[in-house]
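The lines below spell out each chain.
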Amino acid sequence: MTAYPTDLGAPVRTTCPYCGVGCGVLARPDGTGGVSIQGDPDHPANFGRLCSKGSALGETVGLDGRLLHPVLQGRRASWDEALGAAASGLQDVLDRHGPDAVAFYLSGQLLTEDYYVANKLIKGFIGSPHVDTNSRLCMSSSVAGHKRAFGSDTVPGCYEDLDEADLLILVGSNAAWCHPILFRRMLDNRTRRGAKIIVVDPRRSATGDEADLFLPVTPGMDTALFCGLLVHLVETDALDRAYLDAHTSDFEAALSRSRAIAPDLATTARLTGLPKSDVASFFTLFRNTGRVVTCYSQGVNQSAQGTDKVGAIINCHLATGRIGRPGMGPFSLTGQPNAMGGREVGGLANMLAAHMGFAPPDIDRVRRFWDASRMAETEGLKAVALFDAIDTGRIKALWVMATNPLVSMPDADRVARALAKLELLIVSDNVASSDTVARGADILFPAAAWGEKDGTVTNSERRISRQRAFLPLPGEARPDWWIVSEVAREMGFAAAFPYRSAAEIFREHAALTAFENEGARDLDLGALVALDQDGYDALAPVQWPVPAGGAEARRLFAEGGFFTLDGRARLVPPEPPKLAASLCDTYPFWLNTGRVRDHWHTMTRTGKSPRLGSHRPVPFVEVNPADAARLGLSAGDLARVSTTSGSTVLEVEIHSGQAPGSLFVPIHWSRDTSSDGRIGPLVHGFVDPHSGQPETKATPAAIAPEPMRLRGFVLSRGPVRLAEGTWWARAAIAGGTGTLFAAHGTAREIAEWAPDLFPGADLAEYVDARADVYRCAAFSEGRFKGVLFVGPADGRPQWEAAKLLLARPDEVEDRRVALSGKPPGGQPTGPLVCACFGVGLSAIREAIASGGATTPEAIGVALRAGTNCGSCLPELRRIVVQEAVA
Ligand SMILES: Nc1nc2c(c(=O)[nH]1)N[C@H]1C(S)=C(S)[C@@H](COP(=O)(O)OP(=O)(O)OC[C@H]3O[C@@H](n4cnc5c(=O)[nH]c(N)nc54)[C@H](O)[C@@H]3O)O[C@H]1N2
Ligand SMILES: Nc1nc2c(c(=O)[nH]1)N[C@H]1C(S)=C(S)[C@@H](COP(=O)(O)OP(=O)(O)OC[C@H]3O[C@@H](n4cnc5c(=O)[nH]c(N)nc54)[C@H](O)[C@@H]3O)O[C@H]1N2
Ligand code: SF4
Ligand SMILES: [Mo]
């Protein structure tokens, strides 16, 4: 039996485990394994606010689905056995094939301390440089762009710049859904100070809906836009010559390439597909506004020319001296909670540790500091190349920690085939059901999850915050740093891995950042080297650099001081922009992929929350209305999306924000949560030559209707498996699981599922074979257990009302009530809009129709919708407009 802390009153200050905003969270454990969650009013990232995902964290800490003990060759094993097998397995591959045959694949969701020991083990003691991370798919073009321009991977600004800017440009960022709390800060700035917001994105997302100027750029053409801007700034004499002269070099080369790409307004407009007047407004706003922040995210990074896109943006900021001063600067919005921390400790194959690279003096310095027995001396393979090297047999042993590559890698089926060729696959995860864990590994390690582990993360503004444990370690789960250290000790490296706490590791990491630094490297945590356990436990959020005896730096580079040899920044001449692939008659659509508001990646955590599950319950493809009409697709229909590497079936959503000729599919569904939602196998992932980051936003694709005879749903206490060949997707709902499905058979055939779905239950049934309708409700000892409803396919089945049955099973006494699919009391809310207060579309429409609430603000007063995290405000605004039109 695990003992829970008894002091239920005191909240634990910790940090949200989702996006790179890095919001502070107050967690109050309830003493029975649950927790209540609030925003930390004192944390400088969020000042008490949380978005829908952060607010729902309490619904995700349950132990169902967790991996709670080590597994060796498919059977439960003791820690001793599993650790011994991992150490001897790695040693065996080392002995027979050398260090080059061993690789680690890590994640921006590991804590800095976990990451540090994993990197130290492989680069310093196993002697292989092949350690890469899912940050390769996420931020590596920003890293490469920063290093080319600044000589170091430095984010120059801070969040206050978003409060103080007069112009906020968001390039390839759906911040309204992906960095909601930062987006709230931007909207507040607009309300308070009148800042303008420009959004550059081929698709009008919820962020684009809020823009003062929305620029639907042709996919991949951002570089042309910013090259055109640089030329315009030169021609209108808007440069900061003093800054350019004192602190930069290569301006002429960058300008001449920019001129060659986008010599004038007309060319810029043609290349970007934007109206000339809008390009002109963009140029003028940038030129005339001193305080400009350009935020960018995956529309920039996940591109085969992502590093050049970053370069073209940074060029404009350097040329105007708008960097490192209040309200000014290029700003890479990082994705994962510890994308930055992973970069800091050297999780990327082309970084060593503490922001050092593979230059001989760096290698020597790290070797001496670690007293390394076998030091990697070259850059390692980057993610896409790493999985290729597994496929070709060069890499024989792989350890995956905290990432789900069978879902998230481009060309994911090829990745699956490659993994099958490994001699040794080790996976550390929290859950038993992720696609990567479920496929089986030689060794599975149960890792401690958020709330159970201790350490630090670094957010987008270089701010280090503590994640603190507030739950006991469940089952046999252990922190990742402990697992790695134990394997290292078993391999004979005990002296270098003596750690007994995360604090000890943090101190060593901080010491390495300061070691022989003297201002030569951007990352310096000298002031934190002496933190004792109490100091570490009490550590308040702090921004680096914090050199010994110095203060933390909010902003960098206002007075130059770049980390190049001559201290000057480089302006970079970008290559002419073009996408890596081309459209053709067979594949005439651009397939774009990304995120939805309420889900996190492969849903291993957000998939547990009923609140988060109802905003978008099935995997879908967003289609422009004209394309849909031409292809005969209606909202709620199923359609087959294909590329040269795979094909899958998704529900159609029609959205005018989707540009004609393009499709958008979310990345969140896996084999665990759907039959067909995994999009990774379709995505090509051509890599950027500088960063190795794959292009996951532009794969040539086709779409066609995929008619199904029947649609239906199952509501059940726990997850169910439907017959092979059925299209399905499941979501957490109040009281259990909801599974929406589509099938080709007849209602009679579907009826045969019922006894298997509800074993041993009494079934109340309704059949209308001629109409192809079947309904059954299951009861066990008089208690309502669930339903199976199916009927002719006509869009997504209406299940909002029926879902309430499962939420209030005690009220379903009458079989007729259950079969009617209508709850005894209460009204269905319709598809969820506000996840924080559970307000659905029906209620909002009613409030608007009654005339009582005609603005998002008034809806907030009437229903509370949109008044907590604000993530749904763009959607509320759209509903108000739609209802007004109707
Ligand atoms: N709700 C939610 N939030 C998250 C996450 C999540 O899973 N769910 N994940 C986190 C992580 S790890 C990350 S990396 C971030 C990602 O955050 P974002 O980058 O904001 O999210 P995405 O949806 O991947 O892509 C952003 C936009 O890029 C656009 N885009 C595509 N091609 C181009 C192009 O050529 N040019 C331009 N300018 N834009 C283009 C897409 O249309 C899309 O709207 O979100 C973080 N926050
Ligand atoms: N097509 C396409 N592909 C993409 C993207 C895209 O936009 N389009 N985006 C890319 C980006 S930016 C990202 S960041 C990736 C994300 O892709 P992944 O990293 O594959 O996604 P997650 O679901 O976050 O996987 C994290 C896994 O780690 C586990 N986990 C969580 N915390 C811990 C921990 O503390 N320890 C351990 N050991 N395990 C833990 C979770 O249970 C889960 O299985 O996807 C990338 N792939
Ligand atoms: S914005 Fe939301 S997901 Fe991101 S850190 Fe804050 S609460 Fe977590
Ligand atoms: Mo990411």
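All figures in this text were calculated on a predicted structure; none of them were measured in a lab.

Visitor: Would you take a moment to explain the overall build of the protein chain for this structure?
Guide: Secondary structure assignment for the protein chain yields 33 helices and 34 strands. A globule of 886 residues ought to have a C-alpha radius of gyration of about 29 Å, and the protein chain, at 27 Å, matches this closely. Out of the 886 residues belonging to the protein chain, those deemed buried represent 64%. Put simply, of all contacts in the protein chain between residues at least 6 apart along the chain, 71% involve residues at least 24 apart. Counting only carbon and sulfur atoms, one obtains 51% of the accessible surface of the protein chain, whose full area is about 29900 Å². Across the protein chain, the 89 positively charged side chains and the 100 negatively charged ones have centroids separated by 2 Å.

Visitor: Honestly, the domain arrangement of the protein chain in this entry has me stumped. Any pointers?
Guide: One frequent convention defines the size of an interface as the accessible area lost when the parts assemble. Parsing the protein chain into structural domains produces domain 1 (12-59), domain 2 (71-138 + 338-495), domain 3 (140-332), domain 4 (589-683), domain 5 (710-820) and domain 6 (832-885). Look at where the C-alpha atoms of domain 1 and domain 4 centre, and you get two points 29 Å apart. Between domain 1 and domain 4, the residue contacts involve eight residues of the former and eleven residues of the latter. Taken together, both faces of the contact between domain 1 and domain 4 bury some 850 Å²; the carbon and sulfur share is 54%.

Visitor: Would you explain the site of ligand 3 in this entry?
Guide: Around ligand 3 lies a shell formed by Cys16, Tyr18, Cys19, Val21, Gly22, Cys23, Leu50, Cys51, Lys53, Gly54, Pro180 and Ile181. For the shell around ligand 3, the secondary structure elements donating two or more residues are α1 (52-55) and α7 (180-193). Of the residues that constitute the shell around ligand 3, the class distribution is nine nonpolar, two polar and one charged.

Visitor: Looking at this structure, I do not really get the side chain of threonine 268. What am I missing?
Guide: The topology assignment puts threonine 268 in helix α12 (residues 265-272). Classification of threonine 268 as buried rests on a relative accessible area of 0%. Setting aside residues no more than four positions away along its own chain, threonine 268 makes contact with Ala224, Leu225, Gly228, Ala262, Val279 and Phe283.

Visitor: Is there a simple way to explain the pattern of salt bridges in this structure?
Guide: Side-chain pairs of opposite charge can arise where the charged atoms are in close proximity. As enumerated under the stated definition, the model contains 60 salt bridges in all. Here arginine 259 ties to glutamate 235 by a salt bridge, and the two come within 3.0 Å at their closest N and O atoms. Of the two residues, arginine 259 sits in helix α11 (residues 251-261) while glutamate 235 sits in helix α9 (residues 222-235), which places them 24 residues apart along the sequence. Note on glutamate 235: relative accessible area 53%, which makes it exposed. The salt bridge involving glutamate 575 is made with arginine 257; its shortest N-O contact spans 3.5 Å. Residue glutamate 575 is located in the loop between β20 (569-570) and β21 (589-594), and its partner arginine 257 is located in helix α11; the two are separated by 318 residues in the primary sequence. Owing to a relative accessible area of 43%, glutamate 575 belongs among the partly exposed residues under this scheme. Because the salt bridges share partners, they merge into one network encompassing Asp362, Asp364, Arg365, Arg368 and Glu516.

Visitor: Can you help me understand the pairing of strand β23 (residues 638-643) in this one?
Guide: Looking along a regular strand, one sees the side chains alternate between the two faces of the sheet. With five of six residues buried, β23 lies mostly within the body of the structure. Taken together, the six bridges between β23 and strand β24 (residues 646-654) define a ladder with antiparallel strand orientation. Across the sheet, valine 641 pairs through a bridge with threonine 648, a residue of β24. Taken together, β23 and the strand that follows it, β24, pair antiparallel across an intervening segment of two residues. Summarising the sheet, β23 and strand β26 (residues 699-705) pair through four bridges and their orientation is antiparallel. Of the residues in β26, the one forming a bridge with valine 641 is isoleucine 703.

Visitor: Can you walk me through the sheet that holds β24 in this structure?
Guide: Sheet strands associate in pairs through backbone hydrogen bonding, adopting either a parallel or an antiparallel arrangement. Strand order around the closed barrel formed by six strands is β21-β25-β22-β24-β23-β26, with mixed pairing between neighbours. Averaged over all neighbouring strand pairs, the angle between strand axes comes to 45 degrees, with direction disregarded. In this structure, strand β22 (residues 620-623) lies alongside β24, joined through four bridges in parallel fashion. Note on β24: the bridge partner recorded for phenylalanine 620 is glutamate 651.

Visitor: Looking at this structure, how should I read the site of ligand 2?
Guide: In the vicinity of ligand 2, 30 residues are found, and the nearest of them are Gln109, Asn134, Ser408, Asp429 and Thr602. One of the backbone N or O atoms of asparagine 404 is found 2.8 Å from an oxygen atom in ligand 2. Within the complex, the protein chains bury 97% of what would otherwise be the 920 Å² of accessible surface of ligand 2. The residue makeup of the shell around ligand 2, split by class, is nine nonpolar, 16 polar and five charged. Lining the shell around ligand 2 are residues from two domains, each supplying at least three of them: domain 2 (71-138 + 338-495) and domain 4 (589-683).

Visitor: Before we go on, may I ask you to explain the packing of α9 against α12 in this structure?
Guide: Angle between the axes and distance between the axes are the two parameters that describe a pair of packed helices. Running from N to C, α9 and α12 point in directions that differ by 170 degrees, and their axes come no closer than 9 Å. Classified by the interaxial angle, the pair formed by α9 and α12 is roughly antiparallel. Only Thr268, Leu271 and Thr272 of α12 make contact with α9, whose side of the interface consists of Ala224, Leu225 and Gly228. Looking at the contact of α9 with α12, its residues break down into three nonpolar, three polar and no charged.

Visitor: Just checking my understanding: could you explain the sheet that holds strand β30 (residues 762-768) for this structure?
Guide: Reading across the sheet, the six strands line up as β28-β29-β27-β32-β31-β30 and stay open at both edges, with antiparallel pairing between neighbours. Edge positions in the open sheet fall to β28 (727-733) and β30, since each of these has one partner strand only. Pairs of neighbouring strands in the sheet enclose a mean axial angle of 10 degrees, with direction left out of account. The pairing of strand β31 (residues 773-780) with strand β32 (residues 783-792) spans seven bridges and is classified as antiparallel. When the bridges of β32 are listed, arginine 775 appears paired with phenylalanine 789.

Visitor: What's the story with the packing of aromatic side chains in this structure? I'm lost.
Guide: Aromatic rings considered in pairs are described by the distance between their centres and by the relative angle of their planes. One pass over the full model with this rule turns up 24 aromatic pairs. Ring centres 5.1 Å apart and planes at 85 degrees place the aromatic pair tyrosine 105 and phenylalanine 387 in the edge-to-face group. With tyrosine 105 in strand β6 (residues 102-106) and phenylalanine 387 in helix α18 (residues 383-391), this pair connects stretches of sequence that are 282 residues apart. Comparing tyrosine 105 with phenylalanine 387 shows no difference in burial state: the two are buried. Ring centres 5.3 Å apart and planes at 40 degrees place the aromatic pair phenylalanine 713 and phenylalanine 789 in the tilted group. Of this pair, phenylalanine 713 sits in strand β27 (residues 710-716) while phenylalanine 789 sits in strand β32, and the two are 76 residues apart along the sequence. Each member of the pair phenylalanine 713 and phenylalanine 789 is classed as buried. Members of the aromatic cluster, joined through ring pairs, are Trp79, Phe104, Trp399, Phe445 and Trp482. Here the guanidinium or amino end of arginine 203 rests over the ring plane of phenylalanine 664, the centre of that ring lying 3.5 Å away. Across the ring face of tryptophan 544, the terminal group of arginine 462 is positioned such that the distance to the ring centre comes to 5.8 Å.

Visitor: Explain helix α2 (residues 79-97) to me, please; I cannot follow it from the model alone.
Guide: Along an α-helix, residues three or four positions apart point the same way, because every turn accommodates 3.6 residues. Compared with an ideal rise of 1.5 Å per residue, which puts 19 residues at 27 Å, α2 spans 27 Å between its outermost C-alpha atoms and is within 8% of the ideal. Buried residues of α2: Trp79, Ala82, Leu83, Ala86, Ala87, Gly89, Leu90, Val93 and Leu94, and no others. Down the axis of α2, the buried side of the element spans an arc of 160 degrees, and every buried residue falls inside it. Exposed residues on α2 whose side chains face more than 90 degrees from its buried face are Asp80 and Asp95. Elements in contact with the buried residues of α2: β6, α3 (112-126), β14 (397-401), β15 (424-429), β16 (443-446) and α22 (480-490). Glycine 98 occupies a position one or two residues after α2 and carries a positive phi of about 85 degrees.

What counts, and where the lines are drawn
Residues numbered from 1 in each chain as written. Chains lettered and ligands numbered in written order. Predicted model: local features only at pLDDT ≥ 70, side-chain atom pairs only at ≥ 80, totals over all residues. Heavy atoms only, no water. Helix = DSSP H or I, 4+ residues; strand = E, 2+ residues; numbered from the N terminus. Rg over C-alpha atoms; globule rule 2.2 N^0.38 Å. Buried < 20%, exposed > 50% of the residue type's maximum accessible area, 1.4 Å probe, protein only. Contact = heavy atoms within 4.5 Å. Areas by Shrake-Rupley, 256 points an atom, 1.4 Å probe, with all protein chains shown as cover. Lys, Arg positive; Asp, Glu negative; His and termini not counted. Charge placed at Lys NZ, Arg CZ, Asp CG, Glu CD. Domains from an automatic or database assignment. Buried area = accessible area lost by both parts, 1.4 Å probe. Near = heavy atom within 4 Å. Nonpolar A, V, L, I, M, F, W, Y, C, P; charged D, E, K, R; others polar. Salt bridge = Lys/Arg side-chain N within 4 Å of Asp/Glu carboxyl O. Pairing = 2+ DSSP bridges. Axes fitted to C-alpha atoms, helices over the stretch in contact; angles between N-to-C directions. Polar contact = N/O pair within 3.5 Å; in protein donor to acceptor, adjacent residues only side chain to side chain. Parallel < 35°, antiparallel > 145°, perpendicular 65-115°, else oblique. Phe/Tyr/Trp six-rings, centres within 6.5 Å; stacked < 30°, edge-to-face > 60°. Lys NZ or Arg CZ within 6 Å of the ring centre and 35° of its normal. Expected span 1.5 Å × (residues − 1). Arc of directions from axis to C-beta.

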